[in-house]
Every structure is written in structure tokens, then in C-alpha cells.
Amino acid sequence: MNKKKTFQIGVVTSIFNSEVTFKLEEGAIKALISLGLTHRDLLTVRVPGAFEIPLAVKKLFEDGQVDGVVALGAVIRGDTSHYDYVCSAVERGCSALSLEFGKPVGFGVLTTDTEEQALARAGGTHGNKGAETASCVIDMCNLLKALKNKALGLDAHGHQSYNL
């Protein structure tokens, strides 16, 4: 019996600004299910704030539990420079982990000036960035799998290529 292997995907969501982040998480999970994954293929983890996202991602990768991670959060500018430090640290951490482990980390951490802007990107007028990020993670998992299996096709010029 040849059963299709699906990906194991982590969804790490910041609890801080939960009115926004839980909508991102809902969008990500719906997108992953629509792409053929089941709830058993998903491992959801919630962390206190965006700053804690990279540590949770690292643990999921170290334990070999997932093929990729959707990182979700909302950092909304305030009156201090804290915003800049958090945004920078989370982005650097997620980027470094993706390269270190050779697995995709979708960066669905909103960095906005206002809560209204964040809500517009969490299922409002600007779509759901959680869903978009989840789709990107699956695209990258498929690309990495194709590269590993040398499952490339030829483009119009006869070059090996992989198109999403």
C-alpha cells in the first residue's frame, strides 16, 4: 500500500495581541487543511509574545517534529523603541533557524503601526497573512523535497527547473 506522505507543519503563534494573532492562526490552519494536510499533520504551539517565537521554532526543529513552521505574531508600534528591537530579533531568529536547519520558517509576524492595520491583515481588507504564510511554507517544503529528490523538470530553454 503506497500512502502519500504529507508534511508535518508547526504553527507557532504569539498570544500577545491575541485578537490579531488568533485570526492569523485560524487562517493558517484553514489554508494548511485546504492544501491537503490534516489536523494530525499540524503541531500548534502558543508562546507568550513574538520575541519567544524563535525559541519554540528551534525546539520543534531540534526534536525533528516538523518539516516547516508557520511563525505568527503581531508587533504593534508603541511609544518606545521596544517595537524595533522585538521586530528585528524575531526576524533574525526565524531567518537564522531556517538556514541552520534547512527548513522553511514562514514569517507571518505582522509589524504594523496600529491595531487597525494588523486586523486588516488578519482576515480583514488586506486578506489573512497567516494563510499566505502557511501556503508559502508548503510551497517551500515541496521545493525542498523536489530538490532533494532531483525531481526537476526542464524549462523552455532546456534548463533544469522547479516551478511552484
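Before any of the text, the structure's been laid out above.
All values derive from a computational prediction rather than experimental measurement.

### Brief notes about the sheet that holds strand β2 (residues 42-47)
Reading across the sheet, the 4 strands line up as β2-β1-β3-β4 and stay open at both edges, with parallel pairing between neighbours. In this open sheet, the two edge strands, each paired with only one partner strand, are β2 and β4 (105-112). Each neighbouring strand pair of the sheet contributes to a mean axis angle of 15°, computed without reference to strand direction. Pairing of strand β1 (residues 9-14) with strand β3 (residues 68-76) involves 5 bridges; the strand directions are parallel. The partner of Ile 9 across the bridge, within β3, is Gly 68. Lying on the sheet, helix α2 (residues 53-62) is in contact with β1, β2, β3 and β4; it crosses β3 at an angle near 175°. Of the strands in this sheet, β1, β3 and β4 touch helix α5 (residues 129-148), which is tilted by about 150° from β3.

Criteria and thresholds
Starting from 1, residues in each chain are numbered consecutively following that chain's sequence as written. For this predicted model, a pLDDT threshold of at least 70 governs which residues receive local features, and a threshold of 80 or more governs which side-chain atom pairs are given and counted, while totals over whole chains, interfaces and linings are taken from all residues. Note that the side-chain values use all heavy atoms of the structure and ignore hydrogens as well as water. Between any two strands, at least two bridges found by DSSP are needed for them to pair. Helical segments are the DSSP runs of H or I of at least four residues, strand segments are the runs of E of at least two, and each set is numbered from the N terminus. Note on method: axes are straight lines fitted to C-alpha atoms, helices fitted across the in-contact stretch only, with angles between N-to-C directions ranging 0 to 180 degrees. The criterion used for residue contact is that any of the two residues' heavy atoms lie within 4.5 Å.

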